Amino acid sequence: MKGKNCLIFGGSGQIGRHLIRKLTKNDYKVAVVTRNIHQKGHIIKTQGNAGYIDIIEANIFDEIKIKSLFERADICINLIGILYEKKKNSFKNIHTLFPSLLAKLSKQHNLKHFIHISALGINEAKDSDYARSKLEGEKEILKNFPLSTILRPSVVYSVDDNFTTSFMTLLNRLPVFPLYYSGKTKFMPIHSSDLVDIIYNVISKNIYSQIVECVGSETLSFKEIIEKLLNLIDKKRILLPLPLIFGKLTAKFFQLLPKPLLTEDQLRLLKYDNVSSGKYKTNKDIGFPAKCLFEKEVEKYSYMWREGGQFSKKNIS
């Protein structure tokens, strides 16, 4: 199966699970690297037919073991990213040093392609540690292996996300929901299946576009997103614009938690619109426009946050 062996880092997340299914259905063999095979292995191995998935337990900081994985690979895909720092998982380690290493190894082993998932809007957010680490990682990748394609998605959503599901949980519980920056920040949310289609076509059609901005078919403000989620879960809540000082105090508290709902760095990111910049090609420009509509897709799983749960579910074609 020459040219169809994919090495995937970060395969247990929402994008990874969709991608594994897509690749294995199209006769690609995948080797998926996970830190804990007992915790994540059962999730990964159910995503494709037997014989098409190889699960490897490895610490991504174990450079010797990581190197050996490239010997049988034709394509490397990096889906790993973090929203907050914790111990060894710093932005610099995960977003800069690790992708740089993968790009070097891709070049050393003459891989056909290296595909890296970055993030939209990082050029503008110069005061964010997250954005700076992502941008520096991109520079290292293109320096080390020019035959790389970097995909910059806007916020990615699906039933497995930590975006719509977290907000619907909060909206279900809180009588008042804060809007920082008056909820005016714009997004172009892209469904996980649309992003996976882009990745698959980049691989199968040998697209080398260096940087591609991956956006959904709609532009929505943060307030509009929250209003749509409230409508879908049939709740009424007070949306309260708050001064930034309250946001900073809230973030200082939340970032002390094991899984923070908000950090100071994320609050800084919220200043900047998360939409196509016009400086790079988009997924539409390379021939793969997003098909999914935000409200229609979220409706398919929003019933879990409505009164009555599954019994309130509408018939959706």
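Within each chain, residues carry numbers counting from 1 in the order of the written sequence. The predicted origin of the model limits local features to residues at a pLDDT of at least 70 and limits the giving and counting of side-chain atom pairs to 80 or more, whereas totals for whole chains, interfaces and linings rest on all residues. Hydrogens and water molecules were not included; the side-chain quantities draw on all heavy atoms of the structure.

Draft legend 1. Up close: unusual backbone geometry. Of note, asparagine 110 is a non-glycine position whose phi angle comes to about 55 degrees, a positive value. Take asparagine 110: it is sitting in the loop between helix H4 (91-108) and strand S5 (113-117). Since its relative accessible area comes to 67%, asparagine 110 is described here as exposed. Note on conventions: DSSP H or I runs of at least 4 residues are helices, E runs of at least 2 residues are strands, and numbering of each starts at the N terminus. Relative accessible area decides the class of each residue, using a 1.4 Å probe on protein chains only: under 20% of the type maximum gives buried, over 50% gives exposed, and in between gives partly exposed.

Draft legend 2. Representation of the pattern of salt bridges within the structure. Salt bridges are identified by distance alone: a Lys or Arg side-chain nitrogen within 4 Å of an Asp or Glu carboxyl oxygen. Per the counting criterion, the structure on display carries 13 salt bridges. As a salt-bridge pair, glutamate 264 and lysine 252 come within 3.3 Å of each other at their nearest N and O atoms. Residue glutamate 264 is found in helix H10 (residues 264-269), and its partner lysine 252 is found in helix H9 (residues 244-254); the two are separated by 12 residues along the sequence. The class of glutamate 264 is partly exposed, set by a relative accessible area of 22%. Judged by its relative accessible area of 45%, lysine 252 is partly exposed.

Draft legend 3. Expanded view of the packing of aromatic side chains. Paired rings are identified among Phe, Tyr and Trp, the last through its six-membered ring, by centres lying within 6.5 Å, and are further divided according to the angle between planes into stacked (under 30 degrees), edge-to-face (over 60) and tilted (the rest). As enumerated under the stated definition, the model contains 10 aromatic pairs in all. Their ring planes at 70 degrees and their centres at 5.5 Å tell us that phenylalanine 167 and phenylalanine 222 sit as a pair that is edge-to-face. Taken together, the residues span a long stretch of sequence, with phenylalanine 167 in helix H6 (residues 164-173) and phenylalanine 222 in helix H8 (residues 222-232) at a distance of 55 residues. Accessibility expressed as a relative area gives 17% for phenylalanine 167, which makes it buried. According to the relative accessible area criterion, phenylalanine 222 is buried, its value standing at 8%. Pairwise contacts between aromatic rings join Phe163, Phe167, Phe177, Phe187 and Phe222 into one cluster. A cation sits over an aromatic face here: lysine 4 above tyrosine 28, 4.8 Å from the ring centre. A ring is scored as having a charge over it whenever the NZ atom of a lysine or the CZ atom of an arginine sits within 6 Å of its centre and within 35 degrees of its normal. One cation-aromatic arrangement involves arginine 152 over tyrosine 280; the distance from NZ or CZ to the ring centre is 4.8 Å.

Draft legend 4. Layout of the packing of H6 against helix H11 (residues 294-302). Axes here refer to lines fitted to C-alpha atoms; in helices the fit is confined to the stretch in contact. Angles between the N-to-C directions go from 0 to 180 degrees. Running from N to C, H6 and H11 point in directions that differ by 65 degrees, and their axes come no closer than 12 Å. By crossing handedness, the relation of H6 to H11 is classed as right-handed. Where H6 approaches H11, its residues Thr164, Thr165 and Met168 are matched on the opposing element by Phe294, Val298, Tyr301 and Ser302. Of the residues belonging to the contact of H6 with H11, the class tally is 4 nonpolar, 3 polar and no charged. By the definition used in this description, the sense in which the near helix is turned from the far one sets the handedness, with an anticlockwise turn below a right angle giving left-handed and a clockwise turn giving right-handed. Note on definitions: a residue-residue contact is assigned when non-hydrogen atoms from the two residues lie within 4.5 Å. In this count, Pro and Cys sit with the nonpolar residues alongside Ala, Val, Leu, Ile, Met, Phe, Trp and Tyr, while Asp, Glu, Lys and Arg are called charged and the others, Gly among them, polar.

Draft legend 5. Main features of the nonpolar core. By convention a nonpolar core is built from buried Ala, Val, Leu, Ile, Met, Phe, Trp, Tyr and Cys residues, the set being connected through side-chain atoms within 4.5 Å. Grouped together as the largest cluster of nonpolar side chains are 33 residues, with contacts concentrated most on Leu7, Phe9, Ile66, Phe70, Cys76, Leu102 and Phe114. Taken together, the elements giving at least two residues each to this core come down to strand S1 (5-9), strand S2 (29-34), helix H3 (63-69), H4 and helix H5 (129-144). Top element by residues in this core is H4. It accounts for 7 residues. When near neighbours in sequence (up to four residues on either side) are disregarded, leucine 102 contacts Phe9, Ile66, Phe70, Cys76, Asn78 and Phe114. Counting 32 residues, the second-largest nonpolar core is a separate cluster that includes Leu19, Tyr28, Val32 and Ile198.

Draft legend 6. Representation of the pairing of S1. Of all the 5 residues making up S1, 4 are buried; the element is thus mostly covered by neighbouring parts of the structure. With the strands aimed away from the viewer, a crossover counts as right-handed if its path from the first strand over the helix to the second runs clockwise. With helix H1 (residues 14-25) bridging S1 and the parallel S2, this β-α-β connection has right-handed handedness. Between any two strands, pairing holds if DSSP finds at least two bridges. Of the strand pairs in this sheet, S1 and strand S4 (residues 75-78) are connected by 4 bridges, and their pairing is parallel. Paired with leucine 7 across the bridge in S4 is cysteine 76.

Draft legend 7. Structural view of the sheet that holds S4. Taking strand neighbours across the sheet as the criterion, the 8 strands line up as S3-S2-S1-S4-S5-S6-S11-S14 in an open arrangement whose pairing is parallel. In this open sheet, the two strands that pair with only one neighbour each are strand S3 (53-57) and strand S14 (281-282). The pairing of S5 with strand S6 (residues 148-153) spans 4 bridges and is classified as parallel. When the sheet's bridge partners are listed, histidine 116 is paired in S6 with isoleucine 150. Packing against the sheet, helix H7 (residues 192-204) makes contact with S4, S5, S6 and strand S11 (210-214), and its axis sits at approximately 160 degrees to S5.

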